[in-house]
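Report on the structure
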Amino acid sequence: MKFIDSHTGGEPTRVIIEGGPDLGDGDLQERLDNLRNHHDDFRSSVINEPRGWDAMVGALLCEPHDKTCDAGVIFFNNVGYLGMCGHGTIGLAVTLYEMGRVGLGALRLETPVGVVKVELHSSNRVSIRNVPSYRFKKDVEVQVDGFGTVYGDIAWGGNWFFLIEESPLTLDKANLKKLTAFCLQVRSSLEENRISGEGQGEIDHIELSGPTNTAGLNSKNFVLCPGGAYDRSPCGTGTSAKLACLAADGKLKPRENWSQESIIGSVFDGSYEWIDESRILPTITGSAHLYSRGELLWQEGDPFGKGI
């Protein structure tokens, strides 16, 4: 099984370019369901130890169902599947360029939650026009031990997010363990109180915001991903959800730039346009770099061949 690895702002993406399971020729959501229900060992073996690690996101390259698209993709991580992945889409675009599948300029990528328009500015710099994003609820209360009542917005940016505007902990790499523990408590409180996104969508991402000390940037964030790892990048779907909240509050004008810094200092630039009175179409720009390519092997008798 052949792969190419990249990182987008420090967050890794492993694109499976050859040797994945046969998922049929249905639309991407049908193929994701097939992968989840019948081939989940593939996901686990590719992304979990000993072949991967908890921060990595996988991307299965597929032939698109929508023939206007240049490629299809199914994203997954150490615990399950993602409807959309912003940093992963940037990494996929750079990978497709390296493979000679696409040139610079515009391309279309099909995901289980819709078509994403991409602009490849160079071999490393990419803009993605994400799926429609919106805020579902504002100032939702949760109780967190040691912190009392915490307020956050529930928003969709391709995944469901709980966004806390002012982090109660300083957003610094020295606080990674404390930030992770706090976000896990928030997620547990959401689950215990059955707080969800629209249509009972699971809120599996927690995003904290705070001030940045870097000149020219607007904000700094910490994003906890579904598997318990933090996002090294500013998170593409998380930045989209952030833009939706800013737009809803009238804090950012259409086409005005928002520069979002991650917990490790990488940056995404974002802007949006209104689709209707409640939904926006966000554009996220970031850089990805390739760092390895190879072939994953499975040996008979390996007790951890399906992942740890």
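For the structure, check the block above.
Residues numbered from 1 in each chain as written. Predicted model: local features only at pLDDT ≥ 70, side-chain atom pairs only at ≥ 80, totals over all residues. Heavy atoms only, no water.

**A closer look at the overall build of the protein chain**
Counting its regular elements, the protein chain contains 5 helices and 16 strands. For the protein chain, whose C-alpha radius of gyration is 19 Å, the value lies close to the compact-globule estimate of 19 Å for 308 residues. With the C-alpha coordinates of the protein chain rotated into their principal frame, the extents come out at 50 × 45 × 35 Å. The buried share among the 308 residues of the protein chain stands at 56%. Taking contacts inside the protein chain between residues at least 6 apart in sequence as the whole, the part at least 24 apart equals 62%. Working note: accessible area of the protein chain is about 13,400 Å², and carbon and sulfur atoms make up 45% of it. The protein chain carries 29 positive and 42 negative side-chain charges, and their two centres are separated by 3 Å. (Helix = DSSP H or I, 4+ residues; strand = E, 2+ residues; numbered from the N terminus. Rg over C-alpha atoms; globule rule 2.2 N^0.38 Å. Buried < 20%, exposed > 50% of the residue type's maximum accessible area, 1.4 Å probe, protein only. Contact = heavy atoms within 4.5 Å. Areas by Shrake-Rupley, 256 points an atom, 1.4 Å probe, with all protein chains shown as cover. Lys, Arg positive; Asp, Glu negative; His and termini not counted. Charge placed at Lys NZ, Arg CZ, Asp CG, Glu CD.)

**A look at empty space enclosed by the protein**
Taken as a whole and assessed by the stated rule, the structure comprises 1 cavity of 30 Å³ or more. Its boundaries defined by the atoms lining it, the largest cavity holds a volume of some 170 Å³. Around the largest cavity sit 23 residues that line it, and V57, L82, H205, C225 and D231 are the ones nearest its centre. Of all the secondary structure elements, the ones that give two or more residues to the lining of the largest cavity are helix 3 (86–99) and helix 5 (236–248). Each residue belonging to the lining of the largest cavity can be placed in one class, and the counts come to 10 nonpolar, 10 polar and 3 charged. (1 Å grid on protein atoms, 1.4 Å probe; cavity = no way out; pocket = protein on both sides within 12 Å on 5 of 7 lines; lining within 4 Å. Points joined across faces, edges and corners; volume = space filled by probe spheres on them. Nonpolar A, V, L, I, M, F, W, Y, C, P; charged D, E, K, R; others polar.)

**A short note on helix 1 (residues 28–38)**
Note: α-helices contain 3.6 residues per turn, so residues at a spacing of three or four share the same orientation. Buried within helix 1 are the following residues: L28, R31, L32 and L35. Buried residues of helix 1 fall within an arc of 105° about the axis and therefore sit on the same side. The exposed residues of helix 1 that point more than 90 degrees off its buried face are N37 and H38. For helix 1, the N-terminal cap is D27; the gap from its side-chain oxygen to the backbone nitrogen of Q29 is 3.2 Å. (Arc of directions from axis to C-beta. Polar contact = N/O pair within 3.5 Å; in protein donor to acceptor, adjacent residues only side chain to side chain.)

**Quick notes on the nonpolar core**
In this structure, F162, F182, V186, L208 and F222 are the most contacted members of the largest nonpolar core, which totals 61 residues. Examining the composition of this core, we find that 6 residues originate from one element, helix 4 (residues 176–192), more than from any other. Counting residues in each nonpolar core, the second largest holds 17 residues, with M1, L23, V46 and I47 among its members. (Core = buried A, V, L, I, M, F, W, Y, C linked by side-chain atoms within 4.5 Å.)

**Regarding helix 5**
Here helix 5 is 13 residues long and its end C-alpha atoms lie 18 Å apart, about the 18 Å a rise of 1.5 Å per residue gives. Counting buried positions along helix 5 yields 12 of 13 residues, so the element is predominantly enclosed. Taken together, the buried positions of helix 5 are G236, T237, G238, T239, S240, A241, K242, L243, A244, C245, L246 and A247. Within two residues after helix 5, G250 carries a phi angle of roughly 70°, on the positive side. (Expected span 1.5 Å × (residues − 1).)

**Details of the pairing of strand 12 (residues 205–210)**
For strand 12, a buried count of 6 out of 6 residues is recorded, marking the element as mostly surrounded by other parts of the structure. The alternating pattern of strand 12 places H205, E207 and S209 and I206, L208 and G210 on opposite faces, both of which are buried. Across 4 bridges, the pairing between strand 11 (residues 160–164) and strand 12 is parallel. Each bridged residue has a counterpart across the sheet, and for F162 the counterpart in strand 12 is I206. Chirality of the crossover, the property in question, places the unit of strand 11, helix 4 and strand 12 among those that are right-handed. For strand 12 and strand 13 (residues 219–224), the ladder comprises 5 bridges, and the chain directions are antiparallel. (Pairing = 2+ DSSP bridges. Right-handed = clockwise from strand over helix to strand, strands pointing away.)

**Quick word on the pairing of strand 6 (residues 105–111)**
A large share of strand 6 lies buried, amounting to 5 of its 7 residues. Taken together, the 2 bridges between strand 4 (residues 71–76) and strand 6 define a ladder with parallel strand orientation. Paired with A71 across the two strands is L109, which belongs to strand 6. Note that strand 6 and strand 7 (residues 114–120) share 7 bridges and pair antiparallel. Paired with E110 across the strands is V115, a residue of strand 7. Linking two consecutive strands that pair antiparallel, namely strand 6 and strand 7, is a turn of 2 residues.

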